[in-house]
Amino acid sequence: MEDVRKLAIIGSGPAGLTATIYAARANLSPIVLAGIEFGGQLMTTTKVENYPGFIEGIDGPELMNNMMEQAKRFGAEIVYEFVRSTDFSKKPFVLKTDSNEYLAESVIVATGSTPRRLGIESEQRFWGKGVSTCATCDGAFYKDKIVAVIGGGDSAMEESTFLTKFASKVYIIHRRDEFKASKVMQERALNNEKINIVWSSEVVEVVGDTFVTGLKLKDTNTGEESELSVDGMFLAIGHEPMTEPFVGQMELDPRKYIVTEDGVHTSVDGVFVAGDVADHVYQQAITAAGMGCKAAIMVEKYLAG
Ligand code: NDP
């Protein structure tokens, strides 16, 4: 007989692991398809200062390790596989990874989002050779070097401030003449004497030989082009939802976020959602965790009929 799980949870960030803790405590014996590496985006952040309960803040990876251990304590089964495709057209639902196929009566999708790229050819050519989306992972390679951070949101402020620990100079290149970031994060960056702002500019080309040596910029008002010497470029231009395995299986909006009426139910009865994959507004660890909790409670009601 086929092994049909009561609940499969796809993703192991704050949304997926909170859903797991709730579902495991409710005796739903969830299986978590955690991805090849667990933990989501907090695994590549430094201190998280706004997750309630930690007076001095907590490092992102430590927070995620704690959530994982908590989930395991209640008996959740964790599988380190990446879901490639799904079939939600019939029950039980089918989830396919590279090596296995899983069947489940209900599913919580908590796959999160992934850093957006500029989409220019030279960005791809220099990927890992001076182009990165993760200052915490790669910042230490830029000791006494000059780097650029692209973007004007909280991530750009956070990454650029972090990079001043290593780099001699950090440019923030933003396409408009004002930041989107919160005031407190902006001020932290603006008051840092190692940070220089390049307003109203976008990157049209990454320049270099084997490694990045500069950026070709275009003024977004005048169209005038210029070149800036840098040793590295960090992208902090937002995120895109990880919905590739669900295309054609459930309703997605034009930006490919999962459509929900109430933040938890999807267009497929029995498939629920939590976290950034359905949220382009809040995108916080705590809101993702909250959505994970709600999704698990809804699954419990759904399975109880
Ligand atoms: P955001 O979507 O908030 O900001 C993206 C920035 O990148 C914007 O300034 C945008 O420009 C710019 N941008 C987008 N696309 C392009 C492009 N193709 N070329 C050039 N620039 C581009 O993303 P973030 O990752 O900064 O933040 C996401 C969420 O995470 C937010 O809710 C934020 O508050 C939160 N966050 C919170 C932190 C904290 O509190 N410690 C730390 C980091 C993130 P424009 O302004 O013109 O739209």
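Parameters at a glance
- Here the residue index of a chain counts from 1 through its sequence in written order.
- Side-chain atom pairs in this predicted model are given and counted only at pLDDT of 80 or more, local residue features only at pLDDT of at least 70, and totals for whole chains, interfaces and linings cover all residues.
- Each side-chain value is derived from all of the structure's non-hydrogen atoms; neither hydrogens nor water enter the calculation.
- Domain delimitation follows an automatic or database domain assignment.
- Residue contacts follow a heavy-atom distance rule, with two residues in contact if any of their heavy atoms lie within 4.5 Å.
- Put simply, buried area is how much 1.4 Å-probe accessible surface two parts lose in total, over both of them, once they are put together.
- Every case where a carboxyl oxygen of Asp or Glu lies within 4 Å of a side-chain nitrogen of Lys or Arg is listed as a salt bridge.
- N or O atoms within 3.5 Å of each other form a polar contact, as long as, within protein, one can give a hydrogen and the other can take it, and as long as residues adjacent in sequence are counted only when both atoms are side-chain atoms.
- With a 1.4 Å probe rolled over the protein chains alone, any residue whose accessible area is under 20% of its type maximum counts as buried; one over 50% counts as exposed, and the rest are partly exposed.
- Helix and strand assignments come from DSSP, with helices taken as H or I runs of at least 4 residues and strands as E runs of at least 2, each series counted from the N terminus.
- To be clear, the arc concerns the directions from the helix axis to the C-beta atoms.
- Axis lines are fitted through C-alpha atoms, for helices just across the contact stretch, and the angle between N-to-C directions can take any value from 0 to 180 degrees.
- The sense of a crossing depends on the near helix, which, turned anticlockwise from the far helix by less than a right angle, makes the crossing left-handed and, turned clockwise, makes it right-handed.
- Each residue gets one of three labels, nonpolar for Ala, Val, Leu, Ile, Met, Phe, Trp, Tyr, Cys and Pro, charged for Asp, Glu, Lys and Arg, and polar for the others, Gly among them.
- Each pair of aromatic rings taken from Phe, Tyr and Trp, with Trp reduced to its six-membered ring, is defined by centres within 6.5 Å and is described as stacked if the planes are under 30 degrees apart, edge-to-face if over 60, and tilted in the remaining cases.
- Whether a charge sits over a ring comes down to the Lys NZ or Arg CZ being within 6 Å of the ring centre and within 35 degrees of the ring normal.

Visitor: Looking at this structure, how should I read the domain arrangement of the protein chain?
Guide: How big an interface is tends to be reported as the loss of accessible area on association of its parts. In terms of domains, the protein chain is made up of domain 1 (4–114 + 239–304) and domain 2 (117–235). Of the residues lining the interface, five residues belong to domain 1; the matching set on domain 2 comes to seven residues. Across the interface of domain 1 and domain 2, roughly 410 Å² is buried in total on both sides, 52% from carbon and sulfur atoms. Counting across the interface, domain 1 meets domain 2 through one salt bridge. Of the charged contacts in the structure, one is a salt bridge between R188 and E49, with a shortest N-O distance of 3.9 Å. At the junction of domain 1 and domain 2, the tally comes to one residue pair in polar contact (both at pLDDT 80 or more).

Visitor: Teacher, can you tell me more about helix α6 (residues 183–190) here?
Guide: Think of an α-helix as 3.6 residues a turn; residues three or four steps apart then line up on the same face. Those residues of α6 that fall on the buried side of the exposure criterion are M185, Q186 and A189. Down the axis of α6, the buried side of the element spans an arc of 100 degrees, and every buried residue falls inside it. Exposed side of α6, more than 90 degrees from the buried face: K183 and V184 are the residues found there. Contact partners of the buried residues in α6: α5 (154–163), β12 (169–173) and β13 (195–198).

Visitor: Any chance you could explain the packing of helix α1 (residues 14–25) against helix α7 (residues 285–303) here in plain terms?
Guide: A pair of packed helices is characterised by two quantities: the angle between their axes and the separation of those axes. Here α1 crosses α7 at 35 degrees, and the two axes come no closer than 7 Å. Crossing hand, α1 versus α7: right-handed. From α1, P14, A15, T18, A19, Y22 and A23 reach across to α7, where they touch A285, A288, A289, G292, C293 and A296. The residue inventory of the contact of α1 with α7, partitioned by class, reads 10 nonpolar, two polar and no charged.

Visitor: How do you make sense of the packing of aromatic side chains when you look at a structure like this?
Guide: For any two aromatic rings, the description comes down to two numbers: the centre-to-centre distance and the angle of the planes. Going through the model one piece at a time under the given rule, you end up with seven aromatic pairs. Ring geometry for Y51 and F54: centres 6.3 Å apart, planes at 45 degrees, overall tilted. With relative accessibility at 14%, the residue Y51 sits in the buried group. Given the relative accessible area of 30%, F54 is considered partly exposed. For the pair F88 and F246, a centre-to-centre distance of 6.2 Å together with 15 degrees between the ring planes defines the contact as stacked. Residue F88 is located in the loop between β6 (83–87) and β7 (93–97), and its partner F246 is located in the loop between β18 (239–241) and β19 (271–273); the two are separated by 158 residues in the primary sequence. These aromatic residues form a ring-pair network of at least three members: F88, F93 and F246. The ring of F74 has R25 lying over it, and the distance from NZ or CZ to the ring centre is 5.5 Å. In this structure, R117 packs its charged tip against the face of W127, placed 3.7 Å from the ring centre.

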